[in-house]
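# An overview of the molecular structure
Here are the chains, one letter per residue:
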Amino acid sequence: MAKQNTDDKNEAKNEPNNSSLQSFNFSLLPFNLSKTRYCLGLRCPKILWLDMHKSGEKDASAVNQARLDEGAKVGELARGYFGGYTLIPNTICFDEEAEEEQPENEADQLTIQLSIEEVAQFLEDTEKRIKRLKEKAYSRLKLSRTKRLLDEINSPMGRDLVGVNETFCEASFAAEDGFCSVDILRAVDDGSNVATYEIIEVKSATSLKPEHLDDMAYQYHILSASGRKVKKVSLLHINNQYERMGEIDLQKLFTLVDCTKEVLEKQKDLSANIKRIKEIAGTETEPDISIGKHCDSPYPCAYKQYCSAIKNQVTPPPNNQPPLVDSVKIKAFLETLSYPLYHLDFETFQEAVPSFNHQRPYQKIPFQYSLHIQQEEGAEPLHREYLAQAGTDPRREIAERLCAEIPKDACILAYFMPFEKGRISELAALFPNLAPHLMSIHDNIKDLITPFKTQAWNSPEQEGSASLKAVLPAMFPNESGLDYRNLDLIQNGGEAMEAFLSLPNLNPEEQQRTRAALLAYCRLDTLAMVKILDKLREEVKEKR
Ligand code: SF4
């Protein structure tokens, strides 16, 4: 889960002034960099081009709001890591706004000289332009406030902070047509009489990633180009070995990594990278960049649907072959099962900042299960389910309920069993008095993914995936009751987690609807397993 970068909202000033039309149409052509844009541009400059020219193609559902919210929460918490700090705010104070510098050139002013033909275009762009103007105002405020605060450090009349550790959050800098806000900036003592700084980038990740170095390298470049002396660059990331006990301990929740050497190493490529990104993203025609690994890493690109559709126009979809069925392998798998059979599925949530004692950052905490029980082969299943109350630690109750509902010697079926086994062994470690029963459940789990992973049943409709969400529609293309798309509110595990975590913020009616949607979603997961198993048995019978 990446932290939401605040400079997404704070673009740099200096808009190019190519023509009278472009002087107002700066949401399209003029191009400024932020640290987020720089990192996106390194990953794929086409993202920036699409942002400017075809932002309507962005798949809003690909933007993981829970991940962004969690990142913002981590960012705020990290501010206290070094003790007291000064936050550079971006809220507007009107007295202060009146003192703002006047725009430096004509391009900073909104000049409207329109012909009738240009009006339609103008209206279309108005919303974007207002948003950008607001962002520019915020950026300018942060820049001037940062300058004022940091200038005090060296001012003979000011606080004379040279050599004194002082922490600033969201300090902002602009240079060479680029802008950045630094999560945490520390004035550090390097023995000289010039103010010297350490940049600290906060991430809700649990380790240093290559893209973090690019992010920090860009910040180092902007600060240096704006005349600030940077001595050190560090990453502050989540320590997933931390286990909460009582109040959050920031020193243990976070890990500080010195990245100065790697960041300096990257400086040699930085100007060339910026030039290349600007050239590709600034072209008139859509960059010819194909779908590839970069579209999913470090997280799925919001233009993937759009770019995949373009790709599919050239590559025809696979033809409709019947599924390949290896009845010997299927039979061998079916013989590992016994009755009564318990089809089990968990839903879990994860938090960067643990809410409960004995919870680690990003630990998968089970809050819900669905259980379909078949007493004998082909029998109508009984259904059991559990959904925790939001805001409480669900682990003890879920562990007790599992032990009450699943006998020690039962045969249990999961789809991708490492997930269910992992949660059960964590519950066993947490509750030693339930451990013998929980571990017998753990040891008796069989995995329904096996026939699909081993390609004992393989349909082109699965598109190469053995996941439940790929196998189910391939087996039952016309059964609306088995179609996740027909579910209310929640259609995948990520949405289930977001919905559960959002419960405390909903009104009673919304809570009721969301809880019903959670139950329906999890129930379909285990019903799907019952149906898939039935279908596998049919396949084997037909081939006899
Ligand atoms: S989907 Fe892939 S190719 Fe298309 S813009 Fe995103 S990263 Fe680039």
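Residues numbered from 1 in each chain as written. Predicted model: local features only at pLDDT ≥ 70, side-chain atom pairs only at ≥ 80, totals over all residues.

Now for the overall build of the chain. On a plain count of helices and strands, the chain comes out with 18 helices and 13 strands. Considering the chain as a whole, with its 544 residues, one finds that 33% of them fall into the buried category. Taking the contacts inside the chain whose residues are at least 6 apart along the sequence as the reference set, 73% of them involve residues at least 24 apart. (Helix = DSSP H or I, 4+ residues; strand = E, 2+ residues; numbered from the N terminus. Buried ≥ 20, exposed ≤ 12 C-beta atoms within 10 Å, placed from the backbone. Contact = placed C-beta atoms within 7 Å.)

The biggest cluster of nonpolar side chains holds 51 residues, and the ones touching the most others in it are Ile199, Met216 and Tyr220. A per-element tally of this core places helix 7 (residues 210-225) first, with six residues. In terms of nonpolar packing, the next biggest core, distinct from the first, is built from 50 residues, Phe367, Leu371, Val471 and Leu518 among them. (Core = buried A, V, L, I, M, F, W, Y, C linked by C-beta atoms within 7 Å.)

When the terminal C-alpha atoms of helix 9 (residues 260-281) are compared, their 29 Å separation across 22 residues agrees well with the 32 Å that a helix rising 1.5 Å per residue should span. In helix 9, a bend of some 50° at lysine 268 exceeds every other bend along the element. Residues of helix 9 that are buried include every one of Val263, Ile277 and Ala281, and no others. Where helix 9 is buried, its residues contact helix 2 (35-43), helix 3 (45-53), helix 7 and strand 5 (229-238). (Expected span 1.5 Å × (residues − 1). Bend = angle between axes of the 7 residues up to and from the residue.)

As summarised here, the arrangement of the six strands in space is 1-2-3-4-5-6, forming an open sheet in which the pairing is mixed. At either margin of the open sheet sits one strand with a lone partner, and together these are strand 1 (86-87) and strand 6 (254-258). Two elements, strand 5 and strand 6, share five bridges in a ladder whose sense is antiparallel. Residue leucine 235 lies in a different strand from strand 6, and its bridge partner there is valine 257. (Pairing = 2+ DSSP bridges.)

Our focus in this paragraph is unusual backbone geometry. Glycine aside, the phi torsion of most residues is negative, and most peptide linkages are trans. Here serine 297 and proline 298 are connected by a cis peptide whose omega angle stands at 5°. With respect to the helices and strands, proline 298 occurs in the loop between helix 9 and helix 10 (304-314). Tyrosine 339 connects to proline 340 through a cis peptide bond whose omega is 0°. Mapped onto the elements of the fold, proline 340 is located in the loop between helix 11 (327-334) and strand 8 (341-349). Look at glutamate 176: it is not a glycine, yet its phi comes out positive at around 45°. Note that glutamate 176 resides in the loop between strand 2 (166-175) and strand 3 (178-188).

So, about the confidence of the model for the chain. Considering every residue of the chain, the mean pLDDT works out to 83; 81% of them sit at 70 or more. Note that residues 157-163 has pLDDT below 50 and, in this model, 12 contacts with residues that lie over four places away or in other chains. Predicted confidence for residues 311-317 stays below pLDDT 50, and this span has three contacts to residues more than four positions away or in other chains. (pLDDT = per-residue confidence, 0-100.)

One open sheet accounts for five strands, arranged 10-9-8-11-12; its pairing is mixed. Strand pairing shows two members of the sheet lacking a second neighbour, strand 10 (382-387) and strand 12 (445-447), which therefore form its edges. Across the sheet, the axes of successive neighbouring strands diverge by a mean angle of 25°, strand direction being ignored. Bridge count for strand 8 against strand 9 (residues 365-374) is nine bridges, and the pairing is antiparallel. Paired with glutamate 347 across the two strands is glutamine 368, which belongs to strand 9. (Axes fitted to C-alpha atoms, helices over the stretch in contact; angles between N-to-C directions.)

What follows concerns the packing of helix 12 (residues 395-405) against helix 14 (residues 435-443). In contact at an axis separation of 10 Å, helix 12 and helix 14 are set at 70° when each is read in the N-to-C sense. As summarised for this structure, helix 12 and helix 14 are arranged roughly perpendicular, according to the angle between their axes. Pair helix 12 / helix 14 crosses with left-handed handedness. Residue-level contacts link Ala399, Leu402 and Cys403 of helix 12 to His437, Leu438 and Ile441 of helix 14. Looking at the contact of helix 12 with helix 14 residue by residue, the class counts come to five nonpolar, one polar and no charged. (Parallel < 35°, antiparallel > 145°, perpendicular 65-115°, else oblique. Left-handed = near helix turned anticlockwise from the far one by under 90°. Nonpolar A, V, L, I, M, F, W, Y, C, P; charged D, E, K, R; others polar.)

Further remarks concern the site of the ligand. Every residue lining the ligand is accounted for by Cys44, Lys46, Ile47, Leu50, Ile289, Ile291, His294, Cys295, Cys301, Tyr303, Lys304 and Cys307. Residue assignment for the shell around the ligand shows that the elements contributing at least two residues are helix 3 and helix 10. Ranked by residues supplied to the shell around the ligand, first place goes to helix 3 with three residues. A breakdown of the residues in the shell around the ligand according to their chemical character gives nine nonpolar, one polar and two charged. (Near = placed C-beta within 6 Å.)

Every buried residue of helix 16 (residues 468-475) is accounted for by Leu468, Val471, Leu472 and Met475. Taken down its axis, helix 16 places every buried residue within 100° of arc, on the same side. (Arc of directions from axis to C-beta.)

What follows covers the packing of helix 3 against helix 9. Relative orientation of the contacting elements helix 3 and helix 9 amounts to 45°, with a least axis distance of 8 Å. Between helix 3 and helix 9, the angle falls in the class oblique. Crossing hand, helix 3 versus helix 9: right-handed. Residues Pro45, Leu48 and Trp49 of helix 3 touch helix 9, and the partners they reach there are Ile277, Ile280 and Ala281. Looking at the contact of helix 3 with helix 9 residue by residue, the class counts come to six nonpolar, no polar and no charged.

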